[in-house]
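Single-letter residue listing:
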Amino acid sequence: MKSQILQFKSIPLLLFMVSLYSQPKISIDLGTGFYEPTMKGFDSNELVSFPTGNILTRNLLINFSVYYEFFHNARVGYNVLKSIDIGRLEGFATSKPVFYRTINYRMIPLETFFRIKPKVELNFTLTPIWGRSRLILETKPSSSDGSGVNTITDDWNELLNSFGDEDPLSQVASENTMVTDWLGYSGMLGYRYYIRPWIGIDVKMGFLNNNYKKNKWRFQGKTVKGPEMKIDEIPIFTFKVVYALK
Amino acid sequence: MKNIVCSFIICFSIIYSQDTFNKSSPCSDRTITFARKFGVKALPVRDLPRYFKASKICREKGGETLIDQIQINEYNRDFEQSKYMSSWTSTYGMCVTAIIFYFFVGLVTVVK
């Protein structure tokens, strides 16, 4: 029985090795995106001072994607654009909790393309978006100033109040993340220049349209209000390096 | 931890178990011969480090034209394959262009 378990464990390794020997039409992309959302819930919050927004935390996105060329003029893939913010919150009664905010635009793009020159490609992308944002609050109220009056629940209630949620939480368990999901779509036109047959530089421009609702956040099984963000109908530009394993 | 170490040993022994190429005639290495016929992208992933090493030495030994020709052939092969949009892909491309054009026109013209 023990030897069977060991064989079972080696199956994923064998599958990985098989993929190394094959000749997949796969490409891996790594790059950045640039857009301009309006994050009123953070930047114009009167009760809590969120970390000051800058180009890195507001406008810049980290981009990672994998594509599979299933047809000689088309590829399908998985694409993630990620925005991150981190810092300490000011304005709480007794503590200065650490705050993390992530926004993930997850896409399954369908891209068609053609080459106008041997090294130059034009591509057309349309994709649904499954967006997810997370707010994490790491707070140690009792050790912040020695008084120990404020609890984690109080800190969360202060944060939610600042977003306009006036229904207080009675108790916050160890889980410290509030999450929301939404659907959207995006379209992009791209220009790709191959500096080697297997390495290219890809520049895209297009738009993001997200159906984000500030009232649809979830925190410990309860629906709460989140920050106001305008992330629909925004232009987006991406720049990435493509490595083809084809 | 033991499994991870074992996996690394197995993977690296496969990847680096190649016979070393003849440094006196690197341009006749099997990876370069294969790339001349089918292109660099057709090489298995495990052969890529060997190809890059062989092509670098080949260039240094005067085989620059050969390596450049491999790349030119590959560019031309890809160009021939995807020079024209076939089947539904052109319609799709036109739809995407129209949607983006409509979006940007709306962005400029709509006054809120």
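Before any of the text, the structure's been laid out above.
Positions within a chain are numbered from 1, following the residues in the order the chain's sequence is written. Working convention: letters from A go to chains and numbers from 1 go to ligands, in the order in which they are written. Local features in this predicted model are restricted to residues whose pLDDT is 70 or higher, and side-chain atom pairs enter the listing and the counts only when it is 80 or higher, whereas totals over whole chains, interfaces and linings include all residues. By convention in this description, side-chain values take in all heavy atoms of the structure and omit both hydrogens and water.

(A) Focus on a nonpolar patch on the surface. Residues and elements named next belong to chain A. A cluster of nonpolar side chains, namely F34, I55, L56, L60, M205 and F237, defines an oily patch on the protein surface of about 530 Å² accessible area. Segments assigned H or I by DSSP are reported as helices when at least four residues long, segments assigned E as strands when at least two residues long, and all are numbered from the N terminus. Of note, L60 is situated in strand 2 (residues 60–71). Burial classes: relative accessible area under 20% of the type maximum marks a residue as buried, over 50% as exposed, and values in between as partly exposed (1.4 Å probe, protein chains only). Accessibility expressed as a relative area gives 30% for L60, which makes it partly exposed. Patches draw on residues past 30% relative accessible area with no salt bridge. Two like charges within 9 Å are joined, as are two nonpolar side chains (Val, Leu, Ile, Met, Phe, Trp, Tyr) within 5 Å. Every accessible area reported is derived by Shrake-Rupley at a probe size of 1.4 Å, with residue values counting cover from the shown protein chains alone. Any carboxyl oxygen of Asp or Glu that lies within 4 Å of a side-chain nitrogen of Lys or Arg is treated as forming a salt bridge with it.

(B) Structural detail: the side chain of K41(B). Residue placement: K41(B) occurs in the loop between helix 2 (30–38) and helix 3 (48–60). Engagement of the side chain of K41(B) in a polar contact is seen with the backbone oxygen of P197(A), the distance being 3.4 Å. Reaching out from K41(B), the side chain makes a polar contact with the side chain of D78(B) at a distance of 2.6 Å. N or O atoms within 3.5 Å of each other form a polar contact, as long as, within protein, one can give a hydrogen and the other can take it, and as long as residues adjacent in sequence are counted only when both atoms are side-chain atoms.

(C) Inspection of the state of the cysteines at higher detail. Residue and element names in this part refer to chain B. We call a pair of cysteine sulfur atoms a disulfide whenever their separation is within 2.5 Å. Counted under the stated rule, the structure contains 1 disulfide over all chains. Each sulfur in the disulfide pair C27 and C58 lies 1.9 Å from the other. Its S-S torsion of about 105 degrees marks the bond between C27 and C58 as right-handed, since a negative value means left-handed. Residue C27 is found in the loop between helix 1 (2–15) and helix 2, and its partner C58 is found in helix 3; the two are separated by 31 residues along the sequence. The class of C27 is partly exposed, set by a relative accessible area of 25%.

(D) Structural view of the pattern of salt bridges. Residues and elements named next belong to chain A. Under the definition given, this model contains 21 salt bridges over all chains. D29 is the salt-bridge partner of K240, the closest N and O atoms lying 3.3 Å from each other. In this pair, K240 sits in strand 11 (residues 234–244) while D29 sits in strand 1 (residues 26–35), placing the two residues 211 residues apart along the sequence. Neither K240 nor D29 differs from the other in exposure class; each is buried. For D85, the salt bridge is made with R101, and the minimal N-O distance between the two is 3.9 Å. Linking D85 in strand 3 (residues 74–88) with R101 in strand 4 (residues 98–107), this pair joins segments that are 16 residues apart in sequence. Judged by its relative accessible area of 3%, D85 falls in the buried class. Judged by relative accessible area, which is 1%, R101 ranks as buried. Several salt bridges share partner residues, and in doing so they unite R75, E111, E121, R192, D202 and K204 into one network.

(E) View of the packing of aromatic side chains. Residues and elements named next belong to chain A. Ring pairs shown here join Phe, Tyr and Trp side chains whose ring centres sit within 6.5 Å, with only the six-membered ring taken for Trp; geometry is labelled stacked below 30 degrees between planes, edge-to-face above 60, and tilted in between. Under the criterion given, the structure shown has 20 aromatic pairs over all chains. On the numbers, 5.1 Å between centres and 70 degrees between planes, the contact of F50 with F99 is edge-to-face. Residue F50 is located in the loop between helix 2 (40–43) and helix 3 (55–59), and its partner F99 is located in strand 4; the two are separated by 49 residues in the primary sequence. Residue F50 is classed as buried on the basis of its relative accessible area, which comes to 9%. Between Y185 and F207, the ring centres sit 5.8 Å apart and the planes meet at 85 degrees, which makes this aromatic pair edge-to-face. Pair noted here: Y185 is in strand 7 (residues 177–196) and F207 is in strand 8 (residues 199–210), with a separation of 22 residues, a long-range link. Put simply, the rings of Y35, Y105, W182, Y212 and W217 pair up and form one aromatic cluster. Just above the ring of F113 sits the side chain of R75; from NZ or CZ to the centre is 3.9 Å. The side chain of R106 reaches across the aromatic face of W130, ending 4.0 Å from its centre. Counting as a charge over the ring demands two things of the Lys NZ or Arg CZ atom: a distance within 6 Å of the ring centre and an angle within 35 degrees of the ring normal.

(F) Structural view of the interface of chain A and chain B. The interface of chain A with chain B comprises 43 residues on the first partner and 39 residues on the second. Around 3800 Å² of area is buried between chain A and chain B when both sides are counted, 70% of it from carbon and sulfur atoms. The interface formed by chain A and chain B includes 1 salt bridge. Put simply, R115(A) and D78(B) hold a salt bridge, and the shortest N to O gap is 3.6 Å. For the side of chain A that touches chain B, the secondary-structure elements that each account for two or more residues are helix 1 (2–21), strand 2, strand 5 (110–117), strand 6 (120–138), strand 7, strand 8 and strand 11 of chain A. With 7 residues, strand 5 of chain A is the largest single contributor of residues to the side of chain A that touches chain B. Classification used: nonpolar for Ala, Val, Leu, Ile, Met, Phe, Trp, Tyr, Cys and Pro, charged for Asp, Glu, Lys and Arg, polar for all others including Gly. Of the residues belonging to the side of chain A that touches chain B, the class tally is 28 nonpolar, 7 polar and 8 charged. Here, residues are in contact when the closest pair of their heavy atoms is within 4.5 Å. In short, buried area is how much 1.4 Å probe accessible area vanishes from two parts on joining, totalled over both.

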